[in-house]
Each structure stands twice: as structure tokens, then as C-alpha cells.
Amino acid sequence: MRFETSKVLDAIERRLCVDPAMARAVLDLSEVVRYQDLDQGRPASMLRLGMVVDALGRQLAEEDVPVYVVLPRALLSDADLTSNERMVARRWADDGVVEVVPQMNDRVLEVADILGLPVLSRDRFEGFRGSYPWIGDPGRVVAPVVGHGGAALVARVGGGQASPGAPSQAGVRLMSRMWRCPESPCASFGGADGGDSFFADLRQPEQESRPGAQPPPTLRNGAPTCPRHGARLSDAGPRPAAEALAIRVGGVVRQRFVVVENEPLEVGRAPDNGIMLGQWLSDEARKWISRAHVRFDLRGGELSVTDVSTNGTGIRPGGSMDEDDRLIIKRKTRALDPTDLVELYPGVHVGRARNWSSGGVSDPVSVLTDAPTMSLRVVPRS
Ligand SMILES: [Zn+2]
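Residues numbered from 1 in each chain as written. Predicted model: local features only at pLDDT ≥ 70, side-chain atom pairs only at ≥ 80, totals over all residues. Heavy atoms only, no water.

An unreviewed UniProt entry annotates the protein as FHA domain-containing protein of Catenuloplanes atrovinosus.

Now the structure itself:
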């Protein structure tokens, strides 16, 4: 049993993410582990995080939806959790895949404000509406309740699904810079003497953060501050712009990825260094799509696509599926408007991630499924 729990915690870990471009919702772990009505079990259980993560995936109809988890330091020694759960939480905290704060205060709301994320909470936050007026917007505060197969999410306002809003103006300013913490090691804001590398040996390659993936600082008396250490952060220069894109194959969002300013990224059947589509393609699509088919490039805030394929690339302006609107580029570059889609083959599209509010997956794989079953989903590279 304990063995399986560890595997479930590993599966949950793959869904934890403080990358501002990838996280889809934010929650307070100390609240979620105490949703005892979800399973009628122990006073606190980390598996309830898995139930809430599953509920978010089902609501957004997408695989591998990541959440931004904040927890108060006291949870790391909470005797209601098992020693294994506490150990795992400490490792997550040290690796920086979750955010630890001395006290919660309104940190979850602040993260949601800065990044425009929905909040998963049973709290109605009535006392915070003055500071965060978006609390009253549809889909911004979504309550995990008892539902089909564990947990379900119910929006406090509007009754719809968890949905992002616009980042606050203060948030946009904060996120335009990189920040550095004087404490070392600091998993979130690099240490004064390269503290970032302290845990580098322990990290799995897939956890390596991209440039600019740094989470949002907290504001104390208007000054950017490390949420974990409470130390004033120094400005470490401009943050590279980033744009989250998604790959949709046959109406299903298969993968989200981030294009970072001045770091061109190739997408194709099996590019040497880029985003690989091969495992999701039909035989016909595999024959048509080149190993490296298109290259995405973000410069000066403008996203462009360059065809590097044998057969050419379709552009669907404004996402139009009307064949008369479809353009073909071959060995050419084209700027992408916000709702334009890139078509590598009929039904194989890449566009800005926010264009798709539903991932099109009717029954996403649960993190509570044990690991051996999940490993069967990995298709070998070819
Ligand atoms: Zn710090």
C-alpha cells in the first residue's frame, strides 16, 4: 500500500509546476489535504491533492494539467500527514516544484492576481474582494467538492469551469523582470552565490526549468520579496518573454510548450532538438510531416512561424477552418496573429495555448492510477 502511495505521489509530482506560463490554477495545499469528505479518510491526506488535480484535468478535458501549489511551512511538520507524505512535501519544497511560505496570508490570491490564474478553494474570500475584485468574476474561484469519482470543481460565480483572467497590471510589471534572492539556496529565485545549482544534481531532467520560468515574487510594502525567505529581492534584469503554445491533434490538446524570446524551437515528427509529434500521428500524417517541420520564433514580443519542411505548412488565419482562408507557406516565415493556427497536416494544429479552453479529452488519465499502468502510455521514440 505504501509502495503504491509513493507511486501516486510521484504521479502527482509531475503535475506540480510554478512556471508562470504553464500553471493552470493555484491552490493552498494545507486546505486541500483536509478535504476529509472527499474520501472519508484520515484528517489530512496528500492523496486529496491528486483528487483535486484529477478534477481539474477532467474539467479542462486535458491530460497532464499542472497546478501551482502553495503551502505554509507548518504543513511540512504536520503530524496529520504520514511521515512519507511530509518527506515528499519537503522534497517538493526543496526542488521548488511547490512554493513554501512562512504564513499563507493571501499568497494564493496574490499568485492568482499576478498570473491571472483561477483559484481552487472552498473559501469565498469575501474579505478580499476589495483587494482582488476579480474574485467576483466567473470561474476565478472554483470550489473542489465531492463529486463523480472523487472531487469535482464548482465555480463560485457563474457556475462554469475554472477559467483564467487577465494578469493584474502590477503582476505584468513584476513578471517583466527576473529576481534574485539573497538567501542561498533559494529554489525559486537563485541564490546569491549560485544556490540554484545546489539541488541541480537531484533534479530529473524534465524538471529543469526554462529561462524565465521563475515564479512570481510577493509584494511587501510594494517591494518584490521572496515568498519563502521573506528577503527583499534584487532586480536581475529583464525577463525573457515567453508564449505558451499547444499542439492539437484530431481535436485533442496533446501537449503545451513554451517558446522563449530569442530561442527558436522546432516542431515536427521527430526534430533533433524540439517538440516531437510522432507518437500522436496517423501513418498518413507521419509520412507527410517532416522530422523538423516548422520553427517558432519569439522576437520583440512577436511570434512567427517558419516552414522548414518538405511539403509546406498551412496557416489558418484567425483559426478559420474554411478551406478558402487557408494559406500555404513553404520555406517562408510568417508572423502569427493571436488566434492564427499553424497546420502541419489536416487535423494537426499548433497555436497559442489560450485559444483552446477545452483539451478535448473525455477521460484524462488519473494521477491516482498507479505508475505501472501509466508507464504503458509512453510510446518509444521512432
Ligand atoms: Zn528566497
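Draft legend 1. Region of interest: the sheet that holds strand S3 (residues 99–101). Sheet architecture is open: six strands sit in the order S3-S2-S1-S4-S5-S6, paired in mixed fashion. The strands lining the two open edges of the sheet, one partner per strand, are S3 and strand S6 (150–155). Note that strand S2 (residues 68–72) and S3 share three bridges and pair parallel. When the sheet's bridge partners are listed, Pro72 is paired in S3 with Val101. Along the sheet, helix H3 (residues 47–60) contacts strand S1 (26–28), S2, strand S4 (119–120), strand S5 (141–147) and S6; its crossing angle with S6, the most-contacted strand, is approximately 55 degrees. (Pairing = 2+ DSSP bridges. Helix = DSSP H or I, 4+ residues; strand = E, 2+ residues; numbered from the N terminus. Contact = heavy atoms within 4.5 Å. Axes fitted to C-alpha atoms, helices over the stretch in contact; angles between N-to-C directions.)

Draft legend 2. View of the domain arrangement of the protein. One can read the domain layout of the protein as domain 1 (2–238) and domain 2 (242–355). Between domain 1 and domain 2, the C-alpha centre-to-centre distance is 30 Å. Taken together, the contact pairs six residues of domain 1 with eight residues of domain 2. Interface of domain 1 and domain 2: buried area, both sides summed, is about 670 Å²; carbon and sulfur atoms make up 63% of it. Remark: the boundary between domain 1 and domain 2 carries one salt bridge. A salt bridge links Glu62 to Arg256, with the nearest nitrogen and oxygen atoms 2.9 Å apart. Where domain 1 packs against domain 2, one counts one residue pair in polar contact (both at pLDDT 80 or more). For the side of domain 1 that touches domain 2, the per-class residue count stands at three nonpolar, no polar and three charged. (Domains from an automatic or database assignment. Buried area = accessible area lost by both parts, 1.4 Å probe. Salt bridge = Lys/Arg side-chain N within 4 Å of Asp/Glu carboxyl O. Polar contact = N/O pair within 3.5 Å; in protein donor to acceptor, adjacent residues only side chain to side chain. Nonpolar A, V, L, I, M, F, W, Y, C, P; charged D, E, K, R; others polar.)

Draft legend 3. Up close: empty space enclosed by the protein. Scanning all chains against the criterion turns up one cavity of 30 Å³ or more. In this structure, the largest cavity spans a volume of roughly 60 Å³. Every residue along the wall of the largest cavity is listed here: Ala93, Gly96, Val98, Glu99, Val100, Ala187, Ser188, Phe189, Cys226, Pro227 and Arg228. (1 Å grid on protein atoms, 1.4 Å probe; cavity = no way out; pocket = protein on both sides within 12 Å on 5 of 7 lines; lining within 4 Å. Points joined across faces, edges and corners; volume = space filled by probe spheres on them.)

Draft legend 4. The environment of Arg220, seen in detail. Among the structural elements, Arg220 can be located in strand S8 (residues 218–220). Spatially, the C-alpha atom of Arg220 lies 8.5 Å from that of Arg232, the residues being twelve residues apart in sequence. What Arg220 contacts, discounting residues up to four positions off in sequence, is Thr225 and Gly230.

Draft legend 5. Spatial organisation of the environment of Trp179. For Trp179, the position within the fold is in strand S7 (residues 177–180). Using a relative accessible area of 10% as the deciding quantity, one classes Trp179 as buried. Apart from the residues lying within four places of it in its own chain, the contact partners of Trp179 are Leu174, Phe189, Gln214, Pro217, Pro224, Leu233, Ser234, Asp235, Ala236 and Arg239. A polar contact is formed between the side chain of Trp179 and the backbone oxygen of Leu174, at a distance of 2.9 Å. Separated by 3.3 Å, the side chain of Trp179 and the backbone oxygen of Arg177 make a polar contact. (Buried < 20%, exposed > 50% of the residue type's maximum accessible area, 1.4 Å probe, protein only.)

Draft legend 6. Spotlight on the UniProt feature "domain: FHA" (unreviewed entry) in the protein. Under the feature "domain: FHA" (unreviewed entry), the UniProt entry names residues 265–315. Overall, residues 265–315 shows 12% helix and 43% strand. The separation of its end C-alpha atoms is 18 Å. (UniProt positions renumbered as here; feature names shortened; annotations may be inferred.)

Draft legend 7. Region of the structure containing unusual backbone geometry. The residue after Ser184, namely Pro185, is reached through a cis peptide bond having omega 0 degrees. Mapped onto the fold, Pro185 is located in the loop between S7 and S8. Non-glycine residue Asn221 carries a positive phi angle of around 50 degrees. Tracing the sequence through the fold places Asn221 in the loop between S8 and strand S9 (223–225). With a phi angle near 65 degrees, Asn262 is a residue other than glycine that sits in the positive phi range. Relative to the helices and strands, Asn262 resides in the loop between strand S12 (252–260) and strand S13 (265–268). On the basis of relative accessibility, which here comes to 47%, the residue Asn262 falls in the partly exposed class.

Draft legend 8. Spatial organisation of the side chain of Asp19. Here Asp19 shows up in the loop between helix H1 (2–13) and S1. On the accessibility criterion, Asp19 (11% relative accessible area) is buried. A distance of 2.9 Å separates the side chain of Asp19 from the backbone nitrogen of Ala21, its partner in a polar contact. Apart from the residues within four sequence positions on either side, Asp19 is in contact with Arg210 and Ala213.

Draft legend 9. Region of interest: the nonpolar core. Core analysis: the biggest nonpolar cluster contains 42 residues, and Leu16, Leu49, Leu56, Val69 and Trp92 have the highest contact counts within it. Broken down by secondary-structure element, the contributors of at least two residues to this core are H1, helix H2 (29–32), H3, S2, helix H4 (83–95) and S6. In terms of residue count, the dominant contributor to this core is H3 (seven residues). Sequence-distant contacts of Val69, that is, excluding residues within four places in its chain, are made with Leu16, Leu27, Leu29, Leu49, Val98 and Glu99. Listed in part, the 29 residues of the second largest apolar core include Val18, Leu115, Trp179 and Cys181. (Core = buried A, V, L, I, M, F, W, Y, C linked by side-chain atoms within 4.5 Å.)

Draft legend 10. Representation of the confidence of the model for the protein. The predicted model of the protein has a mean per-residue pLDDT of 90, with 91% of residues at 70 or higher. Across residues 192–207, where pLDDT falls below 50, the model places 23 contacts with residues more than four positions away in sequence or in other chains. This model gives residues 371–382 a pLDDT under 50, and the stretch forms 17 contacts once residues within four places in sequence are excluded. (pLDDT = per-residue confidence, 0-100.)

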